[in-house]
Amino acid sequence: MPTKKSTTVKLSEPEKVDQFMKSAVHPLVKVMEALRKIILSTDKEIGEEIKWNAPSFFYTGEMKPFDPKEYKRHIVVFNLHKKDAIRLIFPSGAIVGDKTGLLEGDYADGRRIANFSDLKEVKAKEADLKKVISKWLKLLDK
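Residues numbered from 1 in each chain as written. Predicted model: local features only at pLDDT ≥ 70, side-chain atom pairs only at ≥ 80, totals over all residues. Heavy atoms only, no water.

1. As for the environment of asparagine 79
- Here asparagine 79 lies in strand E3 (residues 74-79).
- Once the C-alpha coordinates of asparagine 79 and tryptophan 52 are considered, the two residues, 27 residues apart in sequence, prove to be 8.6 Å apart.
- In this view, asparagine 79 contacts Ile86, Arg87 and Ile89; residues no more than four positions away in its chain are not counted. (Helix = DSSP H or I, 4+ residues; strand = E, 2+ residues; numbered from the N terminus. Contact = heavy atoms within 4.5 Å.)

2. Re the pattern of salt bridges
- In total, this model carries eight salt bridges according to the counting rule given.
- Between aspartate 109 and arginine 111 there is a salt bridge; the shortest N-O distance is 3.0 Å.
- For aspartate 109, a relative accessible area of 51% puts it in the exposed group.
- Take arginine 111: its relative accessible area is 28%, and that puts it in the partly exposed class. (Salt bridge = Lys/Arg side-chain N within 4 Å of Asp/Glu carboxyl O. Buried < 20%, exposed > 50% of the residue type's maximum accessible area, 1.4 Å probe, protein only.)

3. As for the nonpolar core
- Of all hydrophobic cores here, the largest spans 34 residues; its most connected members are Phe78, Leu88, Phe90 and Leu129.
- Elements that contribute at least two residues to this core include exactly helix H1 (14-23), helix H2 (29-42), strand E2 (54-59), E3, strand E4 (86-90), strand E5 (112-116) and helix H3 (119-139).
- The leading source of residues in this core is H3, at six residues.
- The contacts of leucine 129, once residues within four sequence positions are left out, are Leu35, Ile38, Ile39, Leu88, Phe90, Leu102 and Phe116. (Core = buried A, V, L, I, M, F, W, Y, C linked by side-chain atoms within 4.5 Å.)

See below:
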């Protein structure tokens, strides 16, 4: 049986993310808001949705068909399980070859993580976050 292929474009759902943010009870909501703003401001073709019970950001533009289980379109997902930090999970972060030191971990599945514990850290890492996302977008198989 052939595998289902994803569509060539994906629509953003900012209203759903707005609602999620309004009802979020995480102690670092201000950090979440700042990170969301930075991610979305990095490129006009970044969209957002709620996936895996948290804000998720993806490339909205046209792509070659692929198996949706590969998550090729997804750039970064918030992980809100820790109360003292917001973790940004980059499902395919390994492709970036990050030299900034922002992305941590060496997971076999290619994922990488960036941690943010307060607004000061968000400000200090903003340029690196934008650089990593921009590089990821350039390497994307469009």
